[in-house]
Amino acid sequence: MRSSEPARQQTWSSDSYDRHARFVSELAGAVVEWLDLKPGERLLDLGCGDGALTEALAAAGGIVTGVDASEDFIAAARKRGLNVQLADGQALAYEAEFDAVFSNAALHWMTEPDKVLDGVARALRPGGRFVGEFGGHGNVAAIVTAMRATAQRRGGEADLAGPWFFPSPEVYARMLDGHGFEVRRIGLFPRPTPLKSGMREWLKVFRHPFFAQYGAEEDSVLDEVVALLKPVLCDADGHWTADYVRLRFEAVLPG
Ligand code: BEZ
């Protein structure tokens, strides 16, 4: 039976994120290289999460401000001694304050990308750069398809399976251009991602609202989705790999 009021909004627990999703900050090496942060640069980390990567950027000499829409993440980031603010990335209120805006694994959660780009363009000084990485076209396609197939079989809202913004490079480059950026480089990179905690924990951390709609049947729906995915994303040793595809870009404003 379906719960009458499913929790539709994604919520975050910094504790469970730390235990099951640490790979998100650990796998950010390439986009940090693209950022090429110089000591003393003023940086906005957009969607800073629990601050693991923000802390590394500050240690590299950046004067870093982090923003995130999750209170739990902001509290965890403050415990690291970081300068962070609770804010919706779709309503940024900074004016020409940063040399660079950086974002890792966050932009796909912001489903009003034009509002994000408005705020990022406003937050940057002339000549400032926007460097980021997030889910691109085709990201976690097998995982979303398994959830949608389960919703078709059982009833329920299939669209809760994939609320994310996963654009192609062509689409996102056009959007950046439309907000006054010059795109220096952009690309789509398949990045099969080992899940040390397995698929069940991934689904619980990243897509709880889909399963919550089934109320008391939540656990059996989880079992069903995991069983559908096992032949394609789990190897003979029982190791799971998620079908991540990253979109990485560097864009600059005119000086
Ligand atoms: C990602 O980082 O690509 C991602 C994270 C959670 C859900 C979907 C995608």
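Thresholds applied
- Residues numbered from 1 in each chain as written.
- Predicted model: local features only at pLDDT ≥ 70, side-chain atom pairs only at ≥ 80, totals over all residues.
- Heavy atoms only, no water.
- Phe/Tyr/Trp six-rings, centres within 6.5 Å; stacked < 30°, edge-to-face > 60°.
- Buried < 20%, exposed > 50% of the residue type's maximum accessible area, 1.4 Å probe, protein only.
- Lys NZ or Arg CZ within 6 Å of the ring centre and 35° of its normal.
- Pairing = 2+ DSSP bridges.
- Helix = DSSP H or I, 4+ residues; strand = E, 2+ residues; numbered from the N terminus.
- Axes fitted to C-alpha atoms, helices over the stretch in contact; angles between N-to-C directions.
- Contact = heavy atoms within 4.5 Å.

## So, the packing of aromatic side chains
To describe a pair of aromatic rings, one takes the distance between the centres and the angle between the planes.
Right, on to step 1. Summed over all chains, the structure comprises 15 aromatic pairs.
Right, on to step 2. On the numbers, 5.0 Å between centres and 85° between planes, the contact of phenylalanine 210 with phenylalanine 211 is edge-to-face.
Right, on to step 3. On the numbers, 5.7 Å between centres and 65° between planes, the contact of phenylalanine 210 with tyrosine 214 is edge-to-face. As far as the burial class goes, phenylalanine 210 and tyrosine 214 line up, both buried.
Right, on to step 4. Taken together, the aromatic side chains of Phe130, Phe134, Phe165, Tyr172, Phe181 and Phe249 make up a single cluster linked through ring pairs.
Right, on to step 5. Sitting over the ring of tryptophan 34, arginine 248 keeps its end group 5.4 Å from the ring centre.
Right, on to step 6. Seen from the ring of phenylalanine 189, arginine 248 lies directly overhead, with NZ or CZ sitting 4.1 Å from the centre.

## Some remarks on the sheet that holds strand β9 (residues 245–252)
Right, on to step 1. Pairing is mixed in the open sheet, where seven strands are placed in the order β3-β2-β1-β4-β5-β9-β6. Every interior strand has two partners, whereas the edge strands, β3 (84–86) and β6 (182–190), have only one. Pairs of neighbouring strands in the sheet enclose a mean axial angle of 15°, with direction left out of account.
Right, on to step 2. With eight bridges joining them, β6 and β9 adopt antiparallel strand pairing. Following the sheet pairing, glutamate 182 is matched in β9 by valine 252.
Right, on to step 3. Running over the sheet, helix α5 (residues 71–79) touches β2 (63–68) and β3 and is turned about 165° from β3.

So yeah, pure geometry; function would need other evidence.
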